[in-house]
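As a plain string of letters, each chain reads:
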Amino acid sequence: GQSLEQPSEVTAVEGAIVQINCTYQTSGFYGLSWYQQHDGGAPTFLSYNALDGLEETGRFSSFLSRSDSYGYLLLQELQMKDSASYFCAVRDSNSGYALNFGKGTSLLVTP
Amino acid sequence: ETGVTQTPRHLVMGMTNKKSLKCEQHLGHNAMYWYKQSAKKPLELMFVYNFKEQTENNSVPSRFSPECPNSSHLFLHLHTLQPEDSALYLCASSQDGGGSGDTQYFGPGTRLTVL
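Residues numbered from 1 in each chain as written. Chains lettered and ligands numbered in written order. Predicted model: local features only at pLDDT ≥ 70, side-chain atom pairs only at ≥ 80, totals over all residues. Heavy atoms only, no water.

Asker: Which residues make up the side chain of S62(A), and what values do they have?
Answerer: Residue and element names in this part refer to chain A. Relative to the elements of secondary structure, S62 occurs in strand β7 (residues 60–65). Residue classification places S62 among the buried residues on the basis of a relative accessible area of 0%. Within the structure, the side chain of S62 is placed 3.1 Å from the side chain of S47, a separation counted as a polar contact. A polar contact is formed between the side chain of S62 and the side chain of N49, at a distance of 2.5 Å. (Helix = DSSP H or I, 4+ residues; strand = E, 2+ residues; numbered from the N terminus. Buried < 20%, exposed > 50% of the residue type's maximum accessible area, 1.4 Å probe, protein only. Polar contact = N/O pair within 3.5 Å; in protein donor to acceptor, adjacent residues only side chain to side chain.)

Written out as structure tokens, the structure reads:
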């Protein structure tokens, strides 16, 4: 089997930086993805890491350490609209070509 | 708009009803997925279709029956559901269902309530 662990809730102030961690246990690991979901909305793709290191896309960055089975999503210059749930997801040989998602981290950005 | 549409957006049904959820993708993708999202739970993969062939059935009860007539359309037929089946049902598509960086695009979901 496999499992993903991420914090259930995070609160941060507008303009700050927040890091959402994800640890996973899986076999035949392919890569780690991050998705954002606003209340009532559909999950939308943010980033994908297959190799160790940091991937940067604007205010969002994602990091992966395969040896530690660990990754994180870094959100900089937080804005109120960043309040949403953030899911890490892994694709591995056990799940075929589909993604398996963590339970999600609810981020609340306050003024 | 992600290029994936779902109808209906909301559905209320009794346990003896039969209904169908529809998903359509306009992205030219070859893989389509059904997920169930319940409150306080992770997205649960239900079914995967790759090039119209079902490649994954994640131990889903038989009261849920998928159908994929072509690469652009995916249905989820529902019958004799239980109240615990109330959830948001999300459809997604991806380019080829196998690439290591295969991004999934989600539809807005159908909010299902079973009375």
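So that's the structure; there's more coming.
Asker: Kindly report on the sheet that holds β7(A), identifying the contributing residues and their values.
Answerer: Residue and element names in this part refer to chain A. An order of β1-β3-β8-β7-β6 is seen for the five strands of this open sheet, with the pairing classed as antiparallel. Edge strands, defined here as strands with exactly one partner in the open sheet, are β1 (3–5) and β6 (53–57). Taken over all neighbouring pairs, the strand axes of this sheet differ in orientation by 15 degrees on average, direction set aside. In the sheet, β6 pairs with β7 via five bridges, with the strands oriented antiparallel. Of the residues in β7, the one forming a bridge with G53 is L64. (Pairing = 2+ DSSP bridges. Axes fitted to C-alpha atoms, helices over the stretch in contact; angles between N-to-C directions.)

Asker: Go over the pattern of salt bridges, please, and point to the residues and values.
Answerer: Using the criterion set out here, one finds two salt bridges over all chains in the structure. Between D82(A) and R59(A) there is a salt bridge, with its nearest N and O atoms 2.8 Å apart. Taken together, the residues D82(A) in the loop between β8 (70–75) and β9 (84–92) and R59(A) in the loop between β6 and β7 connect sequence positions 23 residues apart. The closest approach of N and O atoms between D85(B) and R63(B), which form a salt bridge, is 2.7 Å. Of the two residues, D85(B) sits in the loop between β8 (73–79) and β9 (87–94) while R63(B) sits in the loop between β6 (53–57) and β7 (64–70), which places them 22 residues apart along the sequence. (Salt bridge = Lys/Arg side-chain N within 4 Å of Asp/Glu carboxyl O.)

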